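Fold and geometry: a report
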Amino acid sequence: MLKNLINLLFPKLCTGCNSLLLQNEVIICANCRHELPLTQHHLLNNNYIAKKFYGIIPVEFCSAMLYFHKDGIVQNMIHHLKYKNRPEIGTLLGNWYANDLIEIAKDQKFTTIIPVPLHKKRNRERGYNQVTTFCEALSQNLGIEINDQLLYRKIYSKTQTKKSKEARSEIKNSLFDVTFSQSDYGKHYLLIDDVITSGATLEACAKAILKIPDAKISIITIAYTDS
């Protein structure tokens, strides 16, 4: 009775479409789950993300789980994850996507997961890094360690989403750096972010990581958008 009363006063809503969740539904409703726009990038060597970085940085593997459409299910989920303190969304998506990546992780021999870091000031403002739980889910399912100390953001900046392509490109050589030791040499780093648009942030991160001798880089994001 208490549980029913709590659900009545604080109804659980789908983070994809804002409809009331049924008793057996968690985070998103069954309809939104079936409508999730999966990219299948992990099955395509020459996918959209690979094309973004071709000739710019040597990427071993890259993939996004979902397509990001304006006012769509994925945008709503990412918004809740990023701004509404719903880290369980990252866990849910990470657990799902890990199933598609098991054999790829074995073939690629990823050694370390690196989340794209927030600046310390941004982290204090938001209270968390939105990709942390997605990374943790991949780590647990794939047996890959997480290192959230190696890559760091040097400069506090406003969100990149509303900047022009030219303005975003200015971050490339100044925003990120790495702190590493000889034990970090020769590893295959799996760089993780929430959404890839221009690719400028991930390019900057990758170039910083590739300062490590004999390092290899791969990239996975929760979502991909052309906008």
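Our subject in this report is the structure included herewith. What you see is a predicted model; the values in this text were computed from it and never measured. (Residues numbered from 1 in each chain as written. Predicted model: local features only at pLDDT ≥ 70, side-chain atom pairs only at ≥ 80, totals over all residues. Heavy atoms only, no water.)

1. Details of the overall build of the protein chain
- When you go through the protein chain residue by residue, the secondary structure sums to 9 helices and 7 strands.
- Across the 227 residues in the protein chain, those meeting the buried criterion constitute 48%.
- Taken as a whole, the protein chain presents about 12500 Å² of accessible surface, with 51% of it coming from carbon and sulfur. (Helix = DSSP H or I, 4+ residues; strand = E, 2+ residues; numbered from the N terminus. Buried < 20%, exposed > 50% of the residue type's maximum accessible area, 1.4 Å probe, protein only. Areas by Shrake-Rupley, 256 points an atom, 1.4 Å probe, with all protein chains shown as cover.)

2. Considering the side chain of Thr-225
- Within the secondary structure, Thr-225 is located in the segment after strand 7 (216-224).
- Relative accessible area serves as the criterion here: at 5%, Thr-225 is assigned to the buried category.

3. Notes on the pattern of salt bridges
- Scanning the model with the defined rule gives 7 salt bridges in all.
- One salt bridge connects Arg-86 with Glu-88, and the closest N-O pair in it is separated by 2.3 Å.
- Its relative accessible area of 22% is what places Arg-86 among the partly exposed residues.
- Accessibility expressed as a relative area gives 30% for Glu-88, which makes it partly exposed.
- Note that Asp-177 is salt-bridged to Lys-211, the shortest N-O span being 3.0 Å. (Salt bridge = Lys/Arg side-chain N within 4 Å of Asp/Glu carboxyl O.)

4. Regarding the sheet that holds strand 1 (residues 59-67)
- Taking strand neighbours across the sheet as the criterion, the 5 strands line up as 1-7-6-2-3 in an open arrangement whose pairing is parallel. The open sheet has two free edges, formed respectively by strand 1 and strand 3 (145-146), since each of these has just one partner strand.
- Note: strand 1 against strand 7, 6 bridges, orientation parallel. Bridge pairing links Leu-66 to Ala-223 in strand 7.
- Where helix 5 (residues 88-108) meets the sheet, its contacts fall on strand 1, strand 6 (188-196) and strand 7, and the angle it forms with strand 1 comes to roughly 160 degrees. (Pairing = 2+ DSSP bridges. Contact = heavy atoms within 4.5 Å. Axes fitted to C-alpha atoms, helices over the stretch in contact; angles between N-to-C directions.)

5. Let's talk about the packing of helix 5 against helix 7 (residues 132-142)
- Contact geometry of helix 5 with helix 7 gives a least axis separation of 8 Å together with a crossing angle of 40 degrees. When the axes of helix 5 and helix 7 are compared, the pair comes out oblique. Remark: the crossing between helix 5 and helix 7 carries right-handed chirality. Across the interface between the two elements, Gly-90, Thr-91, Leu-93, Gly-94, Asn-95, Tyr-97, Ala-98, Leu-101, Ile-102 and Ala-105 from helix 5 touch Thr-133, Phe-134, Ala-137, Leu-138, Asn-141 and Leu-142 from helix 7. (Parallel < 35°, antiparallel > 145°, perpendicular 65-115°, else oblique. Left-handed = near helix turned anticlockwise from the far one by under 90°.)

6. Describing unusual backbone geometry
- The backbone of Ile-27 sits at a positive phi, close to 70 degrees, despite the residue not being glycine.
- Inspection of the secondary structure assignment puts Ile-27 in the loop between helix 1 (2-9) and helix 2 (30-35).
- The residue Asp-214 is not glycine, and still its phi comes out positive at about 60 degrees.
- Examined against the element boundaries, Asp-214 turns out to sit in the loop between helix 9 (200-209) and strand 7.

7. A few points about the side chain of Asp-194
- Tracing the chain through its elements places Asp-194 in strand 6.
- Look past the residues within four positions of Asp-194 in its chain and what remains in contact with it is Lys-82, Gln-130, Val-131, Thr-221, Ile-222 and Ala-223.

8. As for the packing of aromatic side chains
- A complete count under the given rule lists 4 aromatic pairs for this structure.
- Aromatic pair Tyr-48 and Tyr-224: ring centres 5.6 Å apart, planes at 10 degrees, arrangement stacked. Of the two residues, Tyr-48 sits in helix 3 (residues 48-53) while Tyr-224 sits in strand 7, which places them 176 residues apart along the sequence.
- Between Phe-61 and Phe-110 the ring centres are 6.2 Å apart and the planes differ by 50 degrees, which places this aromatic pair in the tilted class. Placement of the pair is Phe-61 in strand 1 and Phe-110 in the loop between helix 5 and strand 2 (112-115), with a sequence separation of 49 residues. (Phe/Tyr/Trp six-rings, centres within 6.5 Å; stacked < 30°, edge-to-face > 60°.)

9. Overview of the environment of Lys-216
- Turning to its location among the elements, Lys-216 is positioned in strand 7.
- Its relative accessible area of 37% is what places Lys-216 among the partly exposed residues.
- For the pair Lys-216 and Thr-111, spaced 105 residues apart in sequence, the C-alpha to C-alpha distance is 9.8 Å.
- Contact partners of Lys-216, with chain neighbours within four places excluded, come to Glu-60, Lys-187, His-188, Tyr-189 and Leu-210.

10. A short note on the pairing of strand 6
- With respect to burial, strand 6 is a largely interior element, 9 of its 9 residues being buried.
- Sheet topology places strand 2 next to strand 6; 4 bridges connect them, and they run parallel. Pairing of Pro-115 across the sheet is with Ile-192, part of strand 6.
- Pairing of strand 6 with strand 7 involves 8 bridges; the strand directions are parallel. Residue Leu-190 lies in a different strand from strand 7, and its bridge partner there is Ser-218.
- Each parallel crossover has a hand, and the one from strand 6 via helix 9 to strand 7 is right-handed. (Right-handed = clockwise from strand over helix to strand, strands pointing away.)

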